[in-house]
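Observations on the model geometry
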Amino acid sequence: MNCQDFERTWNERIDASSSPAGKEGTSIRAADDRRALLEHAAACPTCRPKAAGYEALEAAILAWGQPPAPPAELANRILVAAQALPLGRPSLSERSSKPLSARHPAYPSIHIRRTVQLLAAAASIMAVVTVGLIARVAIDRSRGRIRLAAAITERPTGPASDRSGVPRLNEALASATEATLDLARSASEPAARLSLQLLDASTEPDIESASRSSSAISVPSWDSFTPDSAAAVATIQQVGDRLASGVRPLSSTARQAFSFLLGPAPPKPPTPANPPAARGA
Amino acid sequence: MVTDLTGVAGGAARGSSEMPMDDAALVKALRSGDERAPRLLIERFQGVVFGLCYRMLNHQQDAEDVAQETFIRALRAMAGFDSTRPICPWLLEIAANRCRTALARRARKPTLALADPAEELIDPRGGMADPDDLAGELERALADLRPDYRLVFVLFHSQHLSYEEIAQVITRPVGTVKTWLHRARAQLAEYLAERGITQ
């Protein structure tokens, strides 16, 4: 018998002594096994303390006995605890015949659910009323802005609305647009004349000739000035001619500064490469 | 007490004068809402379940609590139980899982929770132990074992289940059951030898 057989034989022996059939008595094979175990334990110093431990374990298992019986009230206590909790899925008939609160005590009763529903409905109504008030205030503010715009244009607001006399939104918008166009017309024509005078003053040698030449350019009126009209084309042509005739030769400084506009730059002379000996010097 | 996993014998319907009901009929009664069925289930299997819990936890109150939790879980899960299976291995499986959870919870508790000397599971005395208190020495040695080893040892030596039945309860192969049981015995024998327990 080796050490591995020693362990296996002890386990088989304890298995047999723990089974009901093994407790009836020792067989001849068990006696032979015990003799072989004792011989191996006497010869093997490693297994000798194990043999003492297995013998003690065998006796301890026999002395262990049965666990105590459960207390008498345990069954009732478990039943009470089980009834206090919802147990599993109810059957189909139970689901259809009883309300949920009756099947599961943890589920809120019908009174609580109705109270919650009423509170939810009240909250919804409050939310709708609040949103309506906010929308009403916003509409009133926008109407006030429209009235203010109509007053600024100082024009008759046209036919009043049917009930309150407040101009309609489209009428106020049309009036504001017309006022904006009038303002643009009144401001653009003097600005164009002033621009021409400034242009002549910058290109003519003296002011008298500038005043003469400016009178030579006819600025069309705003009404006749459309981008593709003959008057507009003639005006642009006159401005171009005056500019071309008044151009002075550029000074050397200006020519040097704007030389990149005159033509391609001359090629740079090749820079001499540093000799390797000069590196790091 | 020899446990019969079929559930019919071995304490079936103890205290009831009616004919014993087999597992399938009991499951059917439970599912149909029979008011007597939960009590019948508890009375039939409370000894097995409580015995396992007591051996695993080595504490009366904890064992009662875990046994109660086991039956409540079983009753709640009865709708999904395969009625062709025997009930007892299923109940023992639930109880074993609950015991493991309780042991893990106990291990997380601070040491001050075991301030009562009566609840000390390990004998603080060193040297030679009382040779007459073999059962006490064995219980103290069991407290040192891994929960898996302890469970297999208890199921074999206290609940008297076979290797195959233990494998069914712990949902592990039979070879694993044998390995765990042999390792448990070797560790227990080593503990007893170190404590000077000899026969």
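1. A few points about the overall build of chain A
In terms of helices and strands, chain A carries 11 helices and zero strands. When the helices and strands of chain A are placed in sequence order, the string is α-α-α-α-α-α-α-α-α-α-α. For chain A, the proportion of its 281 residues judged to be buried stands at 21%. Contacts spanning at least 24 positions in sequence make up 49% of the contacts within chain A whose residues lie at least 6 apart. Carbon and sulfur atoms make up 63% of the accessible area of chain A, which amounts to about 20300 Å² in all.

2. Details of the overall build of chain B
Assigned secondary structure in chain B consists of eight helices and zero strands. Reading the secondary structure of chain B in the N-to-C direction produces α-α-α-α-α-α-α-α. Taken across its 199 residues, chain B has 47% of its residues classed as buried. Long-range contacts, defined here as pairs at least 24 residues apart, represent 64% of the contacts in chain B between residues at least 6 apart.

3. Description of the interface of chain A and chain B
Chain A puts 36 residues into the contact, and the matching count from chain B is 43 residues. Buried surface at the junction of chain A and chain B, both sides included, amounts to about 3600 Å², of which 68% is carbon and sulfur. Counting the contacts that link chain A with chain B gives three salt bridges. Between R77 of chain A and E64 of chain B there is a salt bridge; the shortest N-O distance is 2.5 Å. Our enumeration of links across chain A and chain B arrives at eight residue pairs in polar contact (both at pLDDT 80 or more). Sorting the residues of the side of chain A that touches chain B by element identifies α1 (3–18), α3 (47–64) and α4 (74–84) of chain A as the ones contributing at least two each. Here the side of chain A that touches chain B takes 12 residues from α3 of chain A, the largest share from any one element. Residue composition of the side of chain A that touches chain B, by class: 25 nonpolar, seven polar and four charged.

4. Digging into the pattern of salt bridges
Residue and element names in this part refer to chain B. Tallying each qualifying case throughout the model produces 20 salt bridges over all chains. With a closest N to O distance of 3.3 Å, R55 and E139 form a salt bridge. One end of the pair, R55, is in helix α2 (residues 37–57); the other, E139, is in helix α5 (residues 134–143), and 84 residues separate them in sequence. Judged by its relative accessible area of 6%, R55 is buried. You can call E139 partly exposed: its relative accessible area is 22%. Among the ionic pairs, D148 bridges to R100, the shortest N-O distance being 3.2 Å. Of this pair, D148 sits in helix α6 (residues 147–157) while R100 sits in helix α4 (residues 87–108); the two residues are 48 residues apart in sequence, bridging distant segments of the chain. For R100, a relative accessible area of 28% puts it in the partly exposed group.

5. What to know about the environment of V152 of chain B
All names here are of chain B. Inspection of the secondary structure puts V152 in helix α6. Residue V152 is classed as buried on the basis of its relative accessible area, which comes to 0%. Put simply, V152 and K178 are 26 residues apart on the chain and 8.8 Å apart in space, counted from C-alpha to C-alpha. The contact partners of V152, leaving out residues within four places of it in the chain, are I166, I170, V177, W180 and L181.

6. Observations regarding α6 of chain B
Most of α6 of chain B sits inside the fold, with nine of its 11 residues counted as buried. Listed in full, the buried residues belonging to α6 of chain B are Y149, R150, L151, V152, F153, V154, L155, F156 and H157 of chain B.

7. What about the packing of aromatic side chains?
Aromatic ring pairs are reported here in terms of the distance separating the ring centres and the angle at which the planes meet. In the structure shown here, the tally under the stated rule is six aromatic pairs over all chains. Taking NZ or CZ as reference, R55 of chain B lies 4.2 Å from the ring centre of W64 of chain A, over its face. The positively charged end of R146 of chain B is found above the aromatic ring belonging to W180 of chain B, 5.8 Å away from the centroid.

8. Section: a nonpolar patch on the surface
On the surface, a cluster of nonpolar side chains totalling about 300 Å² of accessible area is made up of I125, V129 and L133 of chain A. Here L133 of chain A shows up in helix α7 (residues 110–153).

9. Remarks on unusual backbone geometry
Residues and elements named next belong to chain B. Residues other than glycine seldom take positive phi values, yet N58 does so here, at roughly 55°. Mapped onto the fold, N58 is located in the loop between α2 and α3 (60–76). One non-glycine residue, H160, adopts positive backbone phi at about 55°. Locating H160 in the fold gives a position in the loop between α6 and α7 (163–170).

10. Considerations on the confidence of the model for chain A
Confidence in the prediction for chain A averages 71 pLDDT; 59% of positions are at 70 or higher. Low pLDDT, under 50, characterises residues 206–211 of chain A; the predicted model gives this stretch four contacts beyond four residues in sequence or across chains.

11. Considering the packing of α5 of chain B against helix α8 (residues 174–194) of chain B
Residues and elements named next belong to chain B. α8 packs onto α5 with a crossing angle of 125° between their chain directions and a minimal axis gap of 10 Å. If you check the angle between α5 and α8, you find them oblique. As for the relative orientation of α5 and α8, their crossing is right-handed in sense. Across the interface between the two elements, E137, L138, R140, A141 and L142 from α5 touch L188, Y191 and L192 from α8. Classifying every residue of the contact of α5 with α8 gives six nonpolar, no polar and two charged.

Scoring rules and cut-offs
- Residues numbered from 1 in each chain as written.
- Chains lettered and ligands numbered in written order.
- Predicted model: local features only at pLDDT ≥ 70, side-chain atom pairs only at ≥ 80, totals over all residues.
- Heavy atoms only, no water.
- Helix = DSSP H or I, 4+ residues; strand = E, 2+ residues; numbered from the N terminus.
- Buried < 20%, exposed > 50% of the residue type's maximum accessible area, 1.4 Å probe, protein only.
- Contact = heavy atoms within 4.5 Å.
- Areas by Shrake-Rupley, 256 points an atom, 1.4 Å probe, with all protein chains shown as cover.
- Buried area = accessible area lost by both parts, 1.4 Å probe.
- Salt bridge = Lys/Arg side-chain N within 4 Å of Asp/Glu carboxyl O.
- Polar contact = N/O pair within 3.5 Å; in protein donor to acceptor, adjacent residues only side chain to side chain.
- Nonpolar A, V, L, I, M, F, W, Y, C, P; charged D, E, K, R; others polar.
- Phe/Tyr/Trp six-rings, centres within 6.5 Å; stacked < 30°, edge-to-face > 60°.
- Lys NZ or Arg CZ within 6 Å of the ring centre and 35° of its normal.
- Patch = residues over 30% accessible without salt bridge, like charges linked within 9 Å, V, L, I, M, F, W, Y side chains within 5 Å.
- pLDDT = per-residue confidence, 0-100.
- Axes fitted to C-alpha atoms, helices over the stretch in contact; angles between N-to-C directions.
- Parallel < 35°, antiparallel > 145°, perpendicular 65-115°, else oblique.
- Left-handed = near helix turned anticlockwise from the far one by under 90°.

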